[in-house]
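A closer look at the structure
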Amino acid sequence: MAAVSARLPVFPWDKLEPYKATATAHPDGIVDLSVGTPVDPVPQLIRSALVAAADSPGYPTVWGTPALRDAITGWLRGRLGASAAGHRNVLPVVGSKELVAWLPTQLGLGAGDKVAYPRLAYPTYEVGARLCGAEAVVYDDPTELDPAGIKLLWLNSPSNPTGKVIPKDELVRIVAWARRHGILVFSDECYLELGWEAEPVSVLHDDVCGGSYEGLVAVHSLSKRSNLAGYRAAFIAGDAGVLAELLEIRKHGGMMTPAPVQAATVAALGDDAHVEEQRARYAARREALRAALVAHGFRVDHSEASLYLWVTRDEPCWDTVAHLAELGILVAPGDFYGEAGARHVRVAFTATDERVEAAVKRLA
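Computed from a predicted structure; not experimentally measured. (Residues numbered from 1 in each chain as written. Predicted model: local features only at pLDDT ≥ 70, side-chain atom pairs only at ≥ 80, totals over all residues. Heavy atoms only, no water.)

This brings us to the overall build of the chain. Secondary structure summary: the chain contains 12 helices and 13 strands in total. Its C-alpha atoms give the chain a radius of gyration of 20 Å, near enough to 21 Å, the size a compact globule of 364 residues would have. Relative to its full complement of 364 residues, the chain shows a buried share of 55%. Here the contacts in the chain between residues at least 6 apart in sequence split such that 75% fall between residues at least 24 apart. A total accessible area of about 15000 Å² is found for the chain, and carbon and sulfur atoms account for 55% of it. With 35 positive and 44 negative side-chain charges, the chain shows a separation of 2 Å between the mean positions of the two kinds. (Helix = DSSP H or I, 4+ residues; strand = E, 2+ residues; numbered from the N terminus. Rg over C-alpha atoms; globule rule 2.2 N^0.38 Å. Buried < 20%, exposed > 50% of the residue type's maximum accessible area, 1.4 Å probe, protein only. Contact = heavy atoms within 4.5 Å. Areas by Shrake-Rupley, 256 points an atom, 1.4 Å probe, with all protein chains shown as cover. Lys, Arg positive; Asp, Glu negative; His and termini not counted. Charge placed at Lys NZ, Arg CZ, Asp CG, Glu CD.)

Okay, the side chain of R286 next. Its location among the elements puts R286 in helix 10 (residues 273-295). Classification of R286 by relative accessible area gives buried; the value is 5%. At 2.8 Å, the side chain of R286 forms a polar contact with the backbone oxygen of S303. Setting aside chain neighbours within four positions, we find R286 in contact with W196, E197, S303, E304, L309 and F349. (Polar contact = N/O pair within 3.5 Å; in protein donor to acceptor, adjacent residues only side chain to side chain.)

A word on the packing of helix 1 (residues 17-24) against helix 11 (residues 317-326). The geometry of helix 1 relative to helix 11 is characterised by a closest axis approach of 7 Å and an angle of 25° between their N-to-C directions. One finds that helix 1 runs roughly parallel with respect to helix 11. Residue-level contacts link Y19, T22 and A23 of helix 1 to W318, V321, A322, A325 and E326 of helix 11. (Axes fitted to C-alpha atoms, helices over the stretch in contact; angles between N-to-C directions. Parallel < 35°, antiparallel > 145°, perpendicular 65-115°, else oblique.)

This brings us to the pairing of strand 5 (residues 150-156). Taken across its seven residues, strand 5 has six buried, putting it largely inside the fold. Direction of pairing for strand 3 (residues 114-118) relative to strand 5: parallel, over a ladder of three bridges. Directly across from K114, in strand 5, lies its bridge partner I150. As paired strands, strand 5 and strand 6 (residues 184-188) are joined by five bridges and run parallel to one another. Note on strand 6: the bridge partner recorded for L153 is V185. Taken together, strand 5, helix 6 (residues 168-180) and strand 6 form a β-α-β motif whose crossover is right-handed. (Pairing = 2+ DSSP bridges. Right-handed = clockwise from strand over helix to strand, strands pointing away.)

For the rest of this paragraph, the subject is the nonpolar core. Counting residues in hydrophobic clusters, the biggest one holds 67 residues, and the most contacted among them are L33, W154, F186 and I236. In terms of residues, this core owes the most to one element, helix 11, which gives five residues. Here I236 is in contact with N89, V90, L91, V93, L99, V217, A218, V219, L243 and L246, once residues within four sequence places are set aside. Residues V42, I72, L145 and V185 belong to the second largest nonpolar core, which totals 45 residues. (Core = buried A, V, L, I, M, F, W, Y, C linked by side-chain atoms within 4.5 Å.)

Attention shifts here to the environment of L91. Positionally, L91 belongs in strand 2 (residues 90-93). Exposure remark for L91: the relative accessible area of 0% places this residue in the buried category. Setting aside anything within four residues of it in sequence, one finds L91 in contact with V62, W63, F235, I236, L243, L246, L247 and R250.

Moving on, we come to unusual backbone geometry. Residues S157 and P158 are joined by a peptide bond in cis, for which omega reads -5°. Relative to the helices and strands, P158 is located in the loop between strand 5 and helix 6. You will see that S306, though not glycine, has its phi angle at about 85°, which is positive. Look at S306 and you get buried, because its relative accessible area is 0%.

Before going further, it helps to spend a moment on the pairing of strand 6. For strand 6, a buried count of five out of five residues is recorded, marking the element as mostly surrounded by other parts of the structure. Here strand 6 shows two buried faces, one formed by L184, F186 and D188 and the other by V185 and S187. Where strand 6 and strand 7 (residues 216-221) come together, four bridges link them in parallel fashion. Following the sheet pairing, V185 is matched in strand 7 by L216.

Once that is clear, we can look at the sheet that holds strand 2. Within the open sheet, the seven strands sit side by side as 2-8-7-6-5-3-4. Their pairing is mixed. Each edge of the open sheet carries a strand with a single partner, namely strand 2 and strand 4 (135-139). Neighbour-to-neighbour, the strand axes of the sheet open up by a mean angle of 20°, direction not taken into account. Sheet analysis places strand 7 next to strand 8 (residues 234-238), joined by five bridges and oriented antiparallel.

Here it is as structure tokens:
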């Protein structure tokens, strides 16, 4: 039996362990800015909804409760400007990473098919292509690709790792190109609520898609906006035909969002106050770290949205990782996200206020 893992790249985070050990040895402890995992409390109204639904002895539905579908479609219309969104246009998933990794397989892709994604990108796009045996293709501008054989095009705005936002007019151009060539577009928009110097726009916005979701699906997560990474609360929205096919497959696979998490998601999507409170926390941490890094000799590139600063000292990224580890600060090397990131590092501002303050002092 051939090991499926043999198709996959080396798990990149294992390479960071020696630098983590160096940073941990700092007298005042490590400041871990390498992974964008939430550290702030889950809002009380969401926890209360989870607890209230804890007595859920039966199996949940893969499509989600009507209340969940109502909450998602209401959010799509109100927040994304997707005025035509209905129940057939939504599907809850068990965290967005699971969706990204297994989507090409669930779409029936394989040898001879191509999956395209940005040159600097979340590594799981490549993993998904490799798992099903498809060819992974990277791009700077997707419309410059040879469309032959491309069955799935990943967009990511705001970008992980760079924080770059695709402007609305560019989205319109890309969507038109993909539709001309019959290419399915999945747009990873998990950081859409976290625009700082630009306002991210969804591919489902009426001005982008023309009110039709044909060939378009957006991916959204509550991990960042609502501190729910531990809940695995996410959903996809868009083309009803694509979602119907995925729903059938996921029914057979038992890929169900737990009922208490569905109830918590309804509460989260129905409240904007906690989102604004969390944005304010991140904005303060971002500004403090940005100023400290610039004063330390770094240049900040892109970073107009998301939970990261994409920075460089114009040196190999692992030299930067080593330098910061000596200060007790752990960051992610840019080459985790593609060869084009070899001279950058990604700095998350998801640490606590106390740890961010410690990093600022060390950088000074």
